[in-house]
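Summary of structural features
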Amino acid sequence: MTTPIQPFTPSADLIRPTVADAVVGHAETPLFIRKPNADDGWGIYELIKSCPPLDVNSAYAYLLLATQFRDTCAVATNEEGEVVGFVSGYVKDNAPDTYFLWQVAVGEKARGTGLARRLVEAIMSRPELNDVHHLETTITPDNLASWGLFRRLAARWQAPLNSREYFSTEQLGGEHDPENLVRIGPFQTDTI
């Protein structure tokens, strides 16, 4: 039995609206949301470096996310193909109704467009996540932008938001603020 060959989409074609999950932004500066691929790995790494206070992982880690976890990640590019937004996460093996969002980043060029919310909702709207009814993430107590994003998502999805300390400063080596586990849900993905 032979495995059917999947059509290959060249990287340059991935920014086209016909391939993108969504087109957002202004008509003169559209942004394209789609699943990442191997060609996005370095751009994602550079984006994360430009978005303090996010923890920067290795370029290899972002390459793995862009390929091995592409169905549960999203990238936003501008017309030139520059990565201006990224969300990484995965469906938890021990809780298949829960999506764990690892990082969300929006570059300076795309701030103020609602891109972070659109990236998260693009992922949550994918058929692969139909059985997901909770979103979890971790946020440091002082990351007001992230708290605002997740409170807005909970309100839009008409779902409760709960939080508790998850990783202490000591568990994080003494040089990192504690991380709170934030959980939104239950919600219905068909209303997102």
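Look a little higher up for the structure.
Before going into details, it helps to say that this report is about the structure given with it. (Residues numbered from 1 in each chain as written. Predicted model: local features only at pLDDT ≥ 70, side-chain atom pairs only at ≥ 80, totals over all residues. Heavy atoms only, no water.)

A few words on the overall build of the chain. From N to C terminus, the chain includes four helices and eight strands. Starting at the N terminus and walking to the C terminus, you meet the elements of the chain as β-β-α-α-β-β-β-α-β-α-β-β. A buried classification covers 45% of the 192 residues belonging to the chain. (Helix = DSSP H or I, 4+ residues; strand = E, 2+ residues; numbered from the N terminus. Buried < 20%, exposed > 50% of the residue type's maximum accessible area, 1.4 Å probe, protein only.)

Describing two packed helices takes the angle between their axes plus the distance from one axis to the other. At a minimum axis distance of 10 Å, the contact between helix 3 (residues 115-124) and helix 4 (residues 144-156) shows a crossing angle of 55°. When the axis of helix 3 is compared with that of helix 4, the two are oblique. Considering how the two elements wind past one another, helix 3 and helix 4 form a crossing that is right-handed. On helix 4, the residues touching Ala116, Arg117, Val120 and Glu121 of helix 3 are Leu149, Leu153 and Arg156. (Axes fitted to C-alpha atoms, helices over the stretch in contact; angles between N-to-C directions. Parallel < 35°, antiparallel > 145°, perpendicular 65-115°, else oblique. Left-handed = near helix turned anticlockwise from the far one by under 90°. Contact = heavy atoms within 4.5 Å.)

A contiguous nonpolar surface patch, about 280 Å² in accessible area, is contributed by Tyr60, Leu63 and Leu64. By the element assignment, tyrosine 60 lies in helix 2 (residues 59-68). (Patch = residues over 30% accessible without salt bridge, like charges linked within 9 Å, V, L, I, M, F, W, Y side chains within 5 Å. Areas by Shrake-Rupley, 256 points an atom, 1.4 Å probe, with all protein chains shown as cover. Salt bridge = Lys/Arg side-chain N within 4 Å of Asp/Glu carboxyl O.)

Turning to the nonpolar core, a few remarks are in order. In this structure, Tyr99, Leu115, Met124, Leu135, Trp157 and Ile184 are the most contacted members of the largest nonpolar core, which totals 32 residues. It is helix 3 that contributes the most residues to this core, seven residues altogether. With sequence-adjacent residues up to four places away left out, methionine 124 is seen in contact with Tyr99, Leu129, Val132, Leu135, Trp157, Phe187, Thr189 and Ile192. Residues Ile48, Tyr62, Leu65 and Ala105 belong to the second largest nonpolar core, which totals 13 residues. (Core = buried A, V, L, I, M, F, W, Y, C linked by side-chain atoms within 4.5 Å.)

Moving on, we get to unusual backbone geometry. Following proline 52, the chain continues to proline 53 via a peptide bond in cis, the omega torsion being 15°. When you line up the elements, proline 53 lands in the loop between helix 1 (41-49) and helix 2. Backbone geometry at glutamine 158 places phi at a positive 50°, although glycine is not the residue there.

On to the pattern of salt bridges, then. In the structure shown here, the tally under the stated rule is nine salt bridges. With a shortest N-O distance of 2.8 Å, arginine 117 and glutamate 121 are connected by a salt bridge. With arginine 117 and glutamate 121 both in helix 3 and four residues apart, this pair spans about one turn of that helix. Through salt bridges that share partners, Lys35, Asp71 and Glu128 make up one connected network.

In the contact formed by helix 1 and helix 2, the axes pass within 8 Å of each other and the chain directions differ by 125°. The orientation of helix 1 relative to helix 2 falls into the category oblique. Seen from above, helix 1 lies across helix 2 with right-handed handedness. Listed contacts from helix 2 to Gly41, Trp42, Ile44, Tyr45 and Ile48 of helix 1 are Ala59, Tyr62, Leu63 and Ala66.

On to the pairing of strand 8 (residues 179-184), then. Strand 8 sits mainly inside the fold: five of its six residues count as buried. Relative to strand 8, strand 6 (residues 134-139) runs antiparallel, the two sharing five bridges. Considered in strand 8, the bridge of leucine 135 is made with isoleucine 184. In this sheet, strand 8 lies alongside strand 7 (residues 161-167) in antiparallel orientation, the contact comprising six bridges. Each residue of the ladder has a partner; that of asparagine 162, found in strand 8, is arginine 183. (Pairing = 2+ DSSP bridges.)

Another aspect to go through is helix 3. Most of helix 3 sits out of view: eight of its ten residues are buried. Where helix 3 is concerned, the buried positions are Leu115, Ala116, Leu119, Val120, Glu121, Ala122, Ile123 and Met124.

The next thing to look at is the side chain of arginine 34. With respect to the helices and strands, the residue arginine 34 is situated in strand 2 (residues 29-34). Residue class for arginine 34 comes out buried when judged on its relative accessible area of 4%.

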